[in-house]
Amino acid sequence: ALPALVADRSARLALDLCAAPGSKTLGLLERMCEHRSSEDVGIVVANEVHPGRAAALRDRARRHPLVAERLLVTCGDAAKFPSLQ
């Protein structure tokens, strides 16, 4: 499976469908936080199909509290992920 990363034009919402181990997810969140006030920063939904890898991503994000509050980790098959439309 190819990693999928989708972000809206304002970069306030991003969806990473193959998120573990989290480098691109956390990097994106850090960039989103750099130039915005805390109220203006968006969120990233990070999906990982493997429960252990999703838990590892969650634990890794917890070491970055400013970033972690803007991250939602889900665990499921990306082919069945709900549409954003």
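A brief look at the structure comes next. (Residues numbered from 1 in each chain as written. Predicted model: local features only at pLDDT ≥ 70, side-chain atom pairs only at ≥ 80, totals over all residues. Heavy atoms only, no water.)

With that settled, consider the pairing of strand β3 (residues 43–47). Burial analysis of β3 places four of its five residues in the buried class, the great majority of the element. As judged from the four bridges shared by strand β2 (residues 13–16) and β3, these two strands associate in the parallel manner. Across the sheet, A14 pairs through a bridge with V44, a residue of β3. Sheet topology places β3 next to strand β4 (residues 71–74); four bridges connect them, and they run parallel. Bridge assignment links A46 to a residue of β4, and that residue is V73. (Buried < 20%, exposed > 50% of the residue type's maximum accessible area, 1.4 Å probe, protein only. Helix = DSSP H or I, 4+ residues; strand = E, 2+ residues; numbered from the N terminus. Pairing = 2+ DSSP bridges.)

Moving on: the pattern of salt bridges. Tallied over the entire structure, the rule returns four salt bridges. Across the pair R58 and D59 runs a salt bridge, and its minimum N-O distance is 3.1 Å. Assessed through its relative accessible area of 37%, R58 is described here as partly exposed. Looking at D59, the relative accessible area reads 33%, which means it is partly exposed. Its salt-bridge partner being R62, residue D59 comes within 3.8 Å of it at the nearest N-O pair. Of this pair, D59 and R62 both sit in helix α2 (residues 51–62), three residues apart, which is roughly one turn of that helix. A relative accessible area of 56% places R62 in the exposed class. Within this structure, R58, D59 and R62 form a network of salt bridges that share partners. (Salt bridge = Lys/Arg side-chain N within 4 Å of Asp/Glu carboxyl O.)

Limitation: the analysis is restricted to geometry and does not speak to function.
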